[in-house]
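# Per-entry structural report
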Amino acid sequence: MSTAQASRELSFTAPMPGLEASDGFALRGIDGAPGLYAMESASPRIRMFLAEAAVYVPDYAPAIPRSTLEDLGLDRAELATTLVVVNPTPEKTTVNLAAPIVLNPETGRCTQLLLDSKEYPLRAELSA
């Protein structure tokens, strides 16, 4: 996804675990923070911060299953944008590498992968 893209409606292939009652997500770029986004839902009101993995954790490249690419309408993993959930706290900021959101940046169609948390931590510290 281009970090210049200001806003996009998202369409999940399946509800996000824990957010099954939520619908109508939108992704909005954060001014002055390329590759950082707010994912918001109006009903119920939810806001989560997502970071473009290529910008904030460039060595992170989990395998995307062929079935996921097909569900997103993509023929190659290189066409997908991988986003990670950001967990800011006063002490440190972490990202969830065990459950990335894989996005087709052209259509807004996306899915959340659930990876092995032994290989990919739920709270990897984000370096400055």
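Our structure is the block above this text.
We now turn to the structure provided with this report. Quick caveat: nothing in here was measured; it's all calculated off a predicted structure.

### Quick word on the nonpolar core
- Formed by 16 residues in total, the largest nonpolar core has its most connected members in Leu10, Phe12, Leu27, Met39 and Ile101.
- For this core, the secondary structure elements donating two or more residues are β3 (23–29), β4 (36–43), β5 (46–52), β6 (81–88) and β7 (93–103).
- In terms of residue count, β5 provides more of this core than any other element does, three residues in total.
- In contact with Phe12, not counting residues within four places along its chain, are Phe25, Met39, Ile101, Cys110, Thr111 and Gln112.
- Ala53, Val57, Val95 and Ala98 belong to the second-largest nonpolar core, a separate cluster that totals twelve residues.

### Focus: the pattern of salt bridges
- Taken as a whole, this structure holds three salt bridges when the rule is applied.
- One salt bridge in this structure joins Arg76 and Glu78, with 3.6 Å as the shortest N-O distance.
- Overall, the relative accessible area of 43% leaves Arg76 in the partly exposed class.
- Look at the salt bridges and you will find they share partners, linking Arg28, Glu40 and Arg47 into a network.

So, how was this worked out
- Residues numbered from 1 in each chain as written.
- Predicted model: local features only at pLDDT ≥ 70, side-chain atom pairs only at ≥ 80, totals over all residues.
- Heavy atoms only, no water.
- Core = buried A, V, L, I, M, F, W, Y, C linked by side-chain atoms within 4.5 Å.
- Buried < 20%, exposed > 50% of the residue type's maximum accessible area, 1.4 Å probe, protein only.
- Helix = DSSP H or I, 4+ residues; strand = E, 2+ residues; numbered from the N terminus.
- Contact = heavy atoms within 4.5 Å.
- Salt bridge = Lys/Arg side-chain N within 4 Å of Asp/Glu carboxyl O.

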